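Summary of structural features
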Amino acid sequence: MKKITLLSAIAAIVLASCAGNPEGKKAETKDSVATTAEVVGSSYSLDTAASKLVWKGTKVTGAHTGTVNFKSGSLNVDNGKLTGGNFVLDMTSISSTDLEGEYKEKLDGHLKADDFFAVDKNPEASFTVTEVKPGATDQDVVVSGNLVIKGISKNITFDAKVVEATEAAIKATANFNIERAEWGVNYTGKEDDLISKQINFDVTIAAKK
């Protein structure tokens, strides 16, 4: 019995190592920070139709991708420079895009359940910018902000790029990973098909006057 248990443990470790994380640089994560400072610059309203969040999670046997819709938000701009922003995501809209029919319904339902994002209890997620620093080029910035998922707030830092900045509109993109367990998303997957510890977010934010 002990031998079988040991072999099962070894197999689990091997499978876990095979469930590599999706491509992407992991965001630096720390405890949430206060957001009392006044944001400098003009406010641009989020264009929810032009903004998108694409997620990707990997597992031993493959990967799944999908989307979450933006509900509301804004960006702050001062002299063409991004200075702040805040966004609300509609977690009830989470949807896989790589599946169809019964398999899609099953995965979407599981993602909305307590194993993952518990959307009945936490229908919204949010992100509030706490700091913006210059990056390697005029377009590049390093963004920090409080990300709230399942009611848990953590401050994350990631690289972003401002691809458009005019008097009428601003558009920025970012691609980064988060360690999902830090927000209470702890489901490990099936014993023979473990899922990655990180989720990748590919984000496009568009806002206009």
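The text that follows walks through the structure, step by step, so that each part is easy to find. (Residues numbered from 1 in each chain as written. Predicted model: local features only at pLDDT ≥ 70, side-chain atom pairs only at ≥ 80, totals over all residues. Heavy atoms only, no water.)

1. Points about the overall build of the protein
Across its full length, the protein carries 2 helices and 12 strands. When its helices and strands are written in sequence order, the protein yields α-β-β-β-β-β-α-β-β-β-β-β-β-β. For the protein, the spread of C-alpha atoms along the three principal axes comes to 70 × 35 × 30 Å. In the protein, which comprises 209 residues, the proportion classed as buried is 38%. Once local pairs closer than 6 in sequence are excluded, the contacts in the protein between residues at least 24 apart make up 62%. Carbon and sulfur atoms form 53% of the exposed surface of the protein, whose accessible area is close to 11,700 Å². Looking at charge distribution, the protein has the averaged site of its 24 positive side-chain charges lying 4 Å from that of its 28 negative ones. (Helix = DSSP H or I, 4+ residues; strand = E, 2+ residues; numbered from the N terminus. Buried < 20%, exposed > 50% of the residue type's maximum accessible area, 1.4 Å probe, protein only. Contact = heavy atoms within 4.5 Å. Areas by Shrake-Rupley, 256 points an atom, 1.4 Å probe, with all protein chains shown as cover. Lys, Arg positive; Asp, Glu negative; His and termini not counted. Charge placed at Lys NZ, Arg CZ, Asp CG, Glu CD.)

2. Concerning the pattern of salt bridges
A side chain with one charge may pair with a side chain of the opposite charge, provided their charged atoms come close. Here the structure, examined in full by the defined rule, presents 9 salt bridges. Residues Asp 140 and Lys 161 are paired through a salt bridge, measuring 2.6 Å at the closest nitrogen-oxygen approach. Of the two residues, Asp 140 is situated in strand E7 (residues 140-149) and Lys 161 in strand E8 (residues 152-165); the sequence distance between them amounts to 21 residues. Of the residues examined, Asp 140 reaches a relative accessible area of 17% and is grouped as buried. (Salt bridge = Lys/Arg side-chain N within 4 Å of Asp/Glu carboxyl O.)

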